[in-house]
Amino acid sequence: MSPRRRREVLDALRRGTVPAAGLDLLATGLERFAPALDAELDAVEGGGAAFKAVRGEYGAGKTFMTRWLAERAMRRGLAVAEVQISETETPLHRLETVYRRIGEALRTSSFPPSALRAVLDSWLYTLQADALAASPHLPTDSPALAEAVDRLLEARLAAVSARTPAFAQALRGYHRAVTEGDSPSADALAAWLGGQPHVAAAAKRAAGIRGELDHFGAMGFLQGLLTVLRDAGHPGLLLVLDEVETLQRVRGDVRDKALNALRQLLDEVDAGRYPGLYLVVTGTPAFFDGPSGVARLAPLAQRLATDFTTDARFDNPRAVQLRLPGFTQERLVALGARVRDLFADGAAAGDRVRAVVDDAYVATLARAVTGQLGGRVGVAPRVFLKKLVGEVLDRVDQFEDFDPRRDYALTVGVAELSDVEREAAGSAAGSVDDVHLDL
């Protein structure tokens, strides 16, 4: 692991967040899912489509698992976008907003978010290279080459034009603006292609675009984006819709619209209208099984139905839903040992780190953190890793005489906990006076 990658992983753990990369080094318990998920990635890479629902309680590792999957996808050349569903920022029933978030979160192995502009430029370069390969006698700056690129562009966009003329029209305008060196128009049209609502009217008029992107237009834009990604050298897109369980907290009519939007997406994937799309949604068991979630829409519930009545050891990784069983004490200790070794590999006093923070101490700290959180191991990983890296390993590395068994006493403050962690710790309300009543 490079020093930069190691630092990014450890910095994220210090902050109590899931690292954006390097998760293969921390993955524990996900190995049994790898063959089935890799097979689905193979299918997507070959022009197919796939859908997976990941279920688990808070702390089970849903975000970790999807980012681990994203790393595997990017190693194959796929683009990745992770979208957090929320009532105010990204409501699922407004797919135009979801598409906008895809454009903002789009990343590849070479470009961080937002990689959309880089993908568009790569697409144009590929078109020109293909045109030159077909007619190698054409000069690179000749009008004839520009016409050849235009013809190739029209051929590639034929299917997109039939369903979403606005997307194809914007791509034509973007190509023209780049060719003519009109940077403001190119910037505006790239923003339009990314679903941004506030785009210069002059640039839209010049490209022949009218109106704004709506719910149904967004589904066509997603199809167009997949076409551009494929021609730019990315065989597909892994799209993660995270925290869909937030739909349970919205108004009933809004929730029904959102569930129907999810059903529409699944039907479109099944119908083969999104070649190269791997759609992943995450949620809690209550969302998938409870009366305020998927069960409100019978067709969606039928599509997601999965048998979890047998022992979790025999869960089918090829099923439409994956169940994350959550952490056990053994897995938590194993994860802590991996993080300790990762830290020690780049530490100035690596040997001392391994000697002082040995496996026995890692187990002791894991039990202590779990005890502070009411014995709920599934809630403990975030706090445990934050304490391990920021309050133990850093000090052992910097202070030669620091011994955590002697000099460190674990404290878990209410302010550093999430709502679920506070509930587990029994500190959501310290007294009757702390209970809020909405009168």
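Preceding block: the structure.
Thresholds, definitions, all that
- Residues numbered from 1 in each chain as written.
- Predicted model: local features only at pLDDT ≥ 70, side-chain atom pairs only at ≥ 80, totals over all residues.
- Heavy atoms only, no water.
- Helix = DSSP H or I, 4+ residues; strand = E, 2+ residues; numbered from the N terminus.
- Expected span 1.5 Å × (residues − 1).
- Buried < 20%, exposed > 50% of the residue type's maximum accessible area, 1.4 Å probe, protein only.
- Contact = heavy atoms within 4.5 Å.
- Polar contact = N/O pair within 3.5 Å; in protein donor to acceptor, adjacent residues only side chain to side chain.
- Salt bridge = Lys/Arg side-chain N within 4 Å of Asp/Glu carboxyl O.
- Core = buried A, V, L, I, M, F, W, Y, C linked by side-chain atoms within 4.5 Å.
- Phe/Tyr/Trp six-rings, centres within 6.5 Å; stacked < 30°, edge-to-face > 60°.

**Focus on helix H12 (residues 252–270)**
Working step 1: With 19 residues, H12 should cover 27 Å at 1.5 Å per step; its first-to-last C-alpha distance of 27 Å lies within 8% of that length.
Working step 2: Considered for burial, the residues of H12 that qualify are Val 254, Arg 255, Ala 258, Leu 259, Ala 261, Leu 262, Arg 263, Gln 264, Leu 265, Leu 266, Glu 268 and Val 269.
Working step 3: After H12 finishes, the residue Gly 272 shows a positive phi value of roughly 80°.

**Some thoughts on the environment of Tyr 174**
Working step 1: By the secondary structure assignment, Tyr 174 is in helix H8 (residues 165–180).
Working step 2: For the pair Tyr 174 and Asp 187, spaced 13 residues apart in the sequence, the C-alpha separation amounts to 8.3 Å.
Working step 3: Excluding residues within four positions of it along the chain, Tyr 174 makes contact with Arg 117, Leu 120, Asp 121, Leu 124, Ala 186, Leu 189, Ala 190 and Leu 193.
Working step 4: Side-chain polar atoms of Tyr 174 contact the side chain of Arg 117, separated by 2.6 Å.

**Comments concerning the pattern of salt bridges**
Working step 1: In this structure the tally under the stated criterion is 32 salt bridges.
Working step 2: Across the pair Arg 340 and Asp 341 runs a salt bridge, and its minimum N-O distance is 2.7 Å.
Working step 3: We classify Arg 340 as buried; its relative accessible area is 6%.
Working step 4: With relative accessibility at 28%, the residue Asp 341 sits in the partly exposed group.
Working step 5: The network of salt bridges with shared partners includes Asp 38, Asp 42, Glu 45, Arg 72 and Arg 76.

**A word on the nonpolar core**
For soluble globular proteins, nonpolar side chains are generally found buried alongside one another.
Working step 1: Ranked by size, the top nonpolar core spans 76 residues in total, and within it Leu 92, Ile 102, Trp 123, Leu 237, Leu 239 and Leu 241 carry the most contacts.
Working step 2: The leading source of residues in this core is helix H11 (residues 215–231), at eight residues.
Working step 3: The contacts of Leu 92, once residues within four sequence positions are left out, are Ile 85, Val 98, Leu 241, Leu 247, Ala 258, Ala 261 and Leu 262.
Working step 4: Residues Ala 50, Met 65, Val 280 and Val 412 belong to the second largest nonpolar core, which totals 66 residues.

**Some details on the packing of aromatic side chains**
Working step 1: Throughout the structure, instances matching the rule amount to four aromatic pairs.
Working step 2: Consider the rings of Phe 167 and Phe 221, whose centres lie 5.0 Å apart with planes at 75°: the pair is edge-to-face. Here Phe 221 lies in helix H11 and Phe 167 lies in helix H8, a separation of 54 residues in the sequence.
Working step 3: Residue classification places Phe 167 among the buried residues on the basis of a relative accessible area of 2%.
Working step 4: On the accessibility criterion, Phe 221 (2% relative accessible area) is buried.
Working step 5: Note on Trp 192 and Phe 221: the rings are 6.1 Å apart at their centroids and 80° apart in plane angle, and the pair reads as edge-to-face.

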